[in-house]
Amino acid sequence: MIAQDNNAVIHREDYQPPLYRITEVALNVHLDPENTEVEACLHFQRLTAGPESELHLDGESLELLSILRDGQPLAENLFRSDATGLTLLNPEPEFLLETRVKIHPAANSTLSGLYFAGGQFLTQCEAEGFRRITYYLDRPDCLAKFTVTLHASRKTCPVLLANGNCIAQGDEDNDWHWARWEDPYPKPAYLFAMVAGDLAVQRDVFVTQSGRSVTLEIYVAERDLGACDQAMESLKRAMRWDEEGYGREYDLDRYMIVATDSFNMGAMENKGLNIFNSKYVLASPETATDTDYQGVESVIAHEYFHNWTGNRVTLRDWFQLSLKEGLTVFRDQEFSADMNSRGVQRIGDVRRLRSAQFPEDAGPLAHPVRPDAYSEINNFYTATVYEKGAELVRMIHTLLGKEGFRRGTDLYFERHDGHAVTIEDFVEAMEEANHYDLSRFRCWYSQAGTPQVKAEGSYDPASRSYTLTLQQSTPATPGQPNKEPVPIPVRMALLNTQGEKAVLDKTGAVEKVILLEQASQSWTFEGLPDPVIPSLLRGFSAPVRLDIALDDQARSFLAGVDDDPFNRWESAQELALKTLLSGVKNHQELEVLPAALKQALSATLKQSQMDPAFRAELLTLPSEDYIGEQMPVIAVDAIHRARETLLDKIGAHFHDEWLGLYQDLAGAYERDGASIGRRRLRNMALSYLIHSDHSRHEDMTLHARQQYVQADNMTDRLAAFQLLVQHPKHDAEDILLDFYQKWQDYPLVIDKWFAIQAMAPRPDTLRHVQHLLVHPAFDWKVPNRVRAVLGAFSMNPTLFHAADGSGYAFFAEQIRRLDDINPQTAARLATPLSRWQRYDKVRQQGMMNALQLLAAKAKLSRDLAEVIQRSYPASPGSA
Ligand code: B3K
Ligand code: ZN
């Protein structure tokens, strides 16, 4: 049952500035896996007058050993301690507080605070982990200078790291040693980090634009030293990019990255000492796919960019989370677009937005980019705060232009460096630097839900003009029944029958950004000699659902000629989507491939000059999830069947083309963009070849078997492995065994082995997944492994959503178990259950039963309690 106090809701409107500031922090940490002692010396200064006569310091799971004020033991009637921290009664305006606490890193399976995993001591303090290390004002607007002295056994922990610069080190008795680190930049506690362990290091140097040398260090296990090049090269590229694009230079002499297998998220931007999930550091051709390489590049860049957007300029409170996350995601997306193909990058970004954020925004967990209330802040590291937040920054960029945006960020950094600020401060800097009014734009930050834009256009031959009407509306979301119109920048062009862009106005522009501000608005474009077809929302210029009635012919035309890569892809997707949706309704419809779709695919298959990665995007069918999103009730099984059938049809119809591509695109492994695209397209050809089996009675899996055996890189090997393991009829036991034996010492590769099995659309998958949970390599304490099985299973449309409820029941049992070990990960994994309204009555019942089972759990964490409560407000436990 959900305990009342555990469930307390924090409101944005209740923000109060801190009573005291902490000017300096000195920590002395004696690291022992079972019992670590933390001595903290904090210098407090009162900031605001006022009547308050108590000062509350946050603290969680701490055992208080001693407490001194200004060097004297603090009398028992001058403080109080409970499960939430320590309260000082009648504190002086200025004082020094010294506390000594005991904590237990090895027993800390939450991976928040200080924990001991894989033989290393690590910390994770965002959002509120520092309070699990010592008593503190654990809030982002409390910035202090930290000095940290680590003590540990020299044998087990030869490396001792913390934020900033190492200023002294030495030996101690019993073969221990110590190191003292000082961070010259005042920072909030969430950016604190320390690491101790037996780590090898790869070093490099970066010379900044002003000529300072920065030592770059990546700390990994000895045997992974050969797999750090992608991370190191990406880091250097990111550092240069931030100098060139934003004028931002790195500010310390050292930049350290530590990789661990035990991490709740992707990575963490601690000042000068990033801690990373090894998934986003390690990459070698034999163990990492091209997608993994790109993941390393973007996460390394993301965490580096936080040094300015997040660390130098930080958050006033957690409601402002998107101030750093939305802006930093936008920056990392742009970085990746500059390093790779811009069009393909944008397609990937939008695909992620649509598959994660749109459903979130349409369900019970919907919240504004700047939320108004939370009970557990860790539940708000969401696709809305990150991905939709990035789209809002992108729209500001679109409205102000590249130079205007840069003027805005320059002012933002100049004004707020060293401060804890709000989203409002960012928007104001953008406005003031450009004399541009963003008053109405602010609604995007406070209003949840995905706006729907309906477009209608008509060409009038008599006046040689085209009139476009756009209408917007946003569906209600929890707590927000009525919605305002938001300003929506719509980048557009009009294409004539030759596929050329028509001139839109007197300046001769052929592409424009029009701003839809009202519920409905019209635009007329004149001087058009011929009929035109609109290309709207080019580059996906706003995070909305666009509804435009274009016939198949127009879509097929745009899929062939639109010079905006995103829209060209979108037209191809829409064609396929339409076929799929009619196939879901009536399977007979898929007997023959519709002409427009066939023509679009055939045209793409012939474009041998086109970037192969983009070509592969054009040939990819919408995912089952995306198809489901377009339906009032998600017809799980019919969607799966329709999509498989369409894949079979396309495979069979173009069998010779797929075979040709498969043969022509073979080549030695290289890491450049062209080779990556080539592998992507070739593996797609292989997948279609296997789908062509059904009609040809030839066993195309032989190609996959051969590729699996002969591949000299993980991209090709894994693609073949996945096709074989997930094939509904193929027996791949031997391949499963072989793969496991080859890679059992590589946790990141074994995660793939688990995930591919858990995602297989095979009737025996649930039973199989139950076995995976008792496999010797399964570990409840390692989030990557848990996600590889349970996270992957929850993304298996037909098995997770099995009509008999078996998938839900199994899943809820496991989440229940995980909640006692790692509540943050449990809560995050549970979110697919929130989508119950989207399914038929029988499945709804199954999902609600699962939520009820969770709600009834004893010792339910605040994390999971909040997700259940919001997903299913009527659940018995959440009253
Ligand atoms: N800021 C971290 C996320 C912390 C999540 C805390 N539950 C990673 C990032 O966005 O860069
Ligand atoms: Zn981030």
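Conventions used here
- Residues numbered from 1 in each chain as written.
- Chains lettered and ligands numbered in written order.
- Predicted model: local features only at pLDDT ≥ 70, side-chain atom pairs only at ≥ 80, totals over all residues.
- Heavy atoms only, no water.
- Near = heavy atom within 4 Å.
- Polar contact = N/O pair within 3.5 Å; in protein donor to acceptor, adjacent residues only side chain to side chain.
- Areas by Shrake-Rupley, 256 points an atom, 1.4 Å probe, with all protein chains shown as cover.
- Helix = DSSP H or I, 4+ residues; strand = E, 2+ residues; numbered from the N terminus.
- Nonpolar A, V, L, I, M, F, W, Y, C, P; charged D, E, K, R; others polar.
- Pairing = 2+ DSSP bridges.
- Donors = N, O, S within 2.8 Å, 3.2 Å for Na, K, Ca; no water.
- Buried < 20%, exposed > 50% of the residue type's maximum accessible area, 1.4 Å probe, protein only.
- Core = buried A, V, L, I, M, F, W, Y, C linked by side-chain atoms within 4.5 Å.
- Contact = heavy atoms within 4.5 Å.
- UniProt positions renumbered as here; feature names shortened; annotations may be inferred.
- Domains from an automatic or database assignment.
- Buried area = accessible area lost by both parts, 1.4 Å probe.
- Salt bridge = Lys/Arg side-chain N within 4 Å of Asp/Glu carboxyl O.
- Axes fitted to C-alpha atoms, helices over the stretch in contact; angles between N-to-C directions.
- Disulfide = S-S within 2.5 Å.
- Phe/Tyr/Trp six-rings, centres within 6.5 Å; stacked < 30°, edge-to-face > 60°.
- Lys NZ or Arg CZ within 6 Å of the ring centre and 35° of its normal.

1. Looking at the site of ligand 1
Around ligand 1, the structure places 15 residues, and the nearest of them are Glu126, Glu269, Glu303, Asn378 and Tyr386. Contact distances for ligand 1 include 2.8 Å between a nitrogen atom and a side-chain N or O atom of Glu269. With respect to ligand 1, the side chain of His306 contributes an N or O atom lying 3.2 Å from an oxygen atom. Contact with the protein chains hides 96% of the accessible area of ligand 1, taken as 340 Å² for the molecule alone. Mapped onto the shell around ligand 1, the elements with two or more residues apiece are strand S20 (267–268), helix H2 (290–305) and helix H3 (321–339). Split by residue class, the shell around ligand 1 holds six nonpolar, four polar and five charged.

2. A short note on the sheet that holds strand S9 (residues 94–103)
By way of backbone hydrogen bonds, the strands of a sheet pair with one another, either parallel or antiparallel. The eight strands lie next to each other as S6-S5-S9-S3-S2-S12-S15-S14, forming an open sheet whose pairing is mixed. The sheet terminates laterally at strand S6 (72–73) and strand S14 (165–171), the two strands that pair on one side only. Sheet analysis places strand S5 (residues 63–69) next to S9, joined by six bridges and oriented antiparallel. Bridging across to S9, Leu68 finds its partner in Glu98.

3. A few points about the coordination of the zinc ion (ligand 2)
Donor atoms from the polypeptide that coordinate the zinc ion (ligand 2) comprise His302 (NE2), His306 (NE2) and Glu325 (OE), at 1.9 to 2.1 Å from the metal. Binding-site remark: the zinc ion (ligand 2) is held by donors from one chain whose sequence spacing is H-x3-H-x18-E. Residue His306 is located in the loop between H2 and strand S22 (314–315), and its partner Glu325 is located in helix H3; the two are separated by 19 residues in the primary sequence. The pair formed by His306 and Glu325 is uniform in burial state, with each residue classed as buried.

4. What about the nonpolar core?
Phe44, Leu88, Tyr136, Leu470, Trp658 and Phe721 are the most contacted members of the largest nonpolar core, which totals 284 residues. Element by element, the count of residues in this core is highest for helix H5 (residues 383–416), at twelve residues. Ignoring any residue separated from it by four or fewer positions in sequence, one finds Leu470 in contact with Val453, Lys454, Ala455, Val490, Ile514, Leu516, Ala519, Ser520, Gln521, Trp523 and Leu536.

5. Quick word on the environment of Ala373
Relative to the helices and strands, Ala373 is located in strand S23 (residues 373–374). Put simply, Ala373 and Trp318 are 55 residues apart on the chain and 10.0 Å apart in space, counted from C-alpha to C-alpha. Apart from residues lying up to four places away in sequence, Ala373 is in contact with Val9, Ile10, His11, Phe319 and Phe380.

6. Focus: the UniProt feature "domain: Peptidase M1 alanyl aminopeptidase Ig-like fold" (unreviewed entry) in the chain
Mapped onto this structure's residue numbering, the UniProt feature "domain: Peptidase M1 alanyl aminopeptidase Ig-like fold" (unreviewed entry) falls at residues 449–547. Secondary structure over residues 449–547 splits into 0% helix and 46% strand, and the C-alpha atoms at its two ends are 16 Å apart.

7. Here's the deal with the pairing of strand S16 (residues 194–197)
Judged by which residues are buried, S16 turns out to be covered on both faces: Met194 and Ala196 on one side and Val195 and Gly197 on the other are all buried. Summarising the sheet, strand S13 (residues 159–162) and S16 pair through four bridges and their orientation is antiparallel. The residue bridging Leu161 from the neighbouring strand is Val195, located in S16.

8. Details of the domain arrangement of the chain
Looking at the chain, the domain boundaries give domain 1 (7–198), domain 2 (314–446), domain 3 (467–542) and domain 4 (744–879). Summarising the inter-unit geometry, the C-alpha centres of domain 2 and domain 4 are found 30 Å apart. The interface is formed by 13 residues belonging to domain 2 together with 13 residues belonging to domain 4. When domain 2 packs against domain 4, the two sides together hide about 1,200 Å² of surface, and 44% of this comes from carbon and sulfur. At the junction of domain 2 with domain 4, the criterion picks out one salt bridge. Arg862 is paired through a salt bridge with Glu376; the nearest N and O atoms lie 3.0 Å apart.

9. Some remarks on the UniProt feature "domain: Aminopeptidase N-like N-terminal" (unreviewed entry) in the chain
UniProt annotation of "domain: Aminopeptidase N-like N-terminal" (unreviewed entry) refers to residues 27–191 when read in the numbering used here. Secondary structure content for residues 27–191 is 0% helix and 55% strand, and the end C-alpha separation is 15 Å.

10. A few points about the sheet that holds strand S21 (residues 273–277)
Spatially, S17-S18-S19-S21-S20 is the arrangement adopted by the five strands of the open sheet, whose pairing is mixed. What marks the edges here is a single partner per strand, and that holds for strand S17 (200–207) and S20. In this structure, S17 lies alongside strand S18 (residues 213–220), joined through eight bridges in antiparallel fashion. When the bridges of S18 are listed, Gln202 appears paired with Ile218. This element, H2, spans strand S19 (254–260), S20 and S21 of the sheet and lies at about 150° to S21.

11. Considerations on the pattern of salt bridges
Per the stated rule, a full pass over the model turns up 66 salt bridges. Ionic pairing is found between Arg154 and Asp171, a salt bridge with its closest N-O pair at 2.1 Å. Taken together, the residues span a long stretch of sequence, with Arg154 in the loop between strand S12 (144–153) and S13 and Asp171 in strand S14 at a distance of 17 residues. Look at Arg154 and you get partly exposed, because its relative accessible area is 36%. Taking relative accessible area as the criterion, Asp171 reaches 56% and is therefore assigned exposed. A salt bridge links Arg346 to Glu391; the shortest N-O distance between them is 2.8 Å. Residue Arg346 is found in helix H4 (residues 342–361), and its partner Glu391 is found in helix H5; the two are separated by 45 residues along the sequence. Residue Arg346 is classed as buried on the basis of its relative accessible area, which comes to 8%.

12. A word on helix H8 (residues 552–561)
The complete set of buried residues in H8 reads Ala554, Arg555, Ser556, Leu558 and Ala559. Contact partners of the buried residues in H8: strand S27 (488–496), strand S30 (532–536), strand S31 (545–548), helix H9 (565–585) and helix H10 (595–606).

13. What to know about the state of the cysteines
Cysteine pairs can be covalently joined through their sulfur atoms, and such a bond is termed a disulfide. Counted according to the given criterion, the structure contains zero disulfides. The thiol of Cys157 is not disulfide-bonded; the next cysteine sulfur, from Cys166, is found 15 Å away. A relative accessible area of 1% places Cys157 in the buried class.

14. Things to note about the packing of aromatic side chains
By convention here, two paired aromatic rings are described through the distance between centres and the angle between planes. In total, this model carries 42 aromatic pairs according to the counting rule given. Considering the side-chain rings of Phe721 and Phe739, the 4.2 Å spacing of their centres and the 25° angle between planes classify their relative orientation as stacked. Pair noted here: Phe721 is in helix H17 (residues 714–726) and Phe739 is in helix H18 (residues 733–743), with a separation of 18 residues, a long-range link. Judged by its relative accessible area of 0%, Phe739 falls in the buried class. Chaining the aromatic ring pairs together yields one cluster made of Trp241, Tyr246, Tyr250, Tyr255, Tyr304, Phe305 and Phe335. The ring of Tyr293 carries Arg671 above its face, with NZ or CZ at 3.5 Å from the centroid. The ring of Tyr662 has Arg682 sitting right over it, with the charged end atom 4.0 Å from the ring centre.

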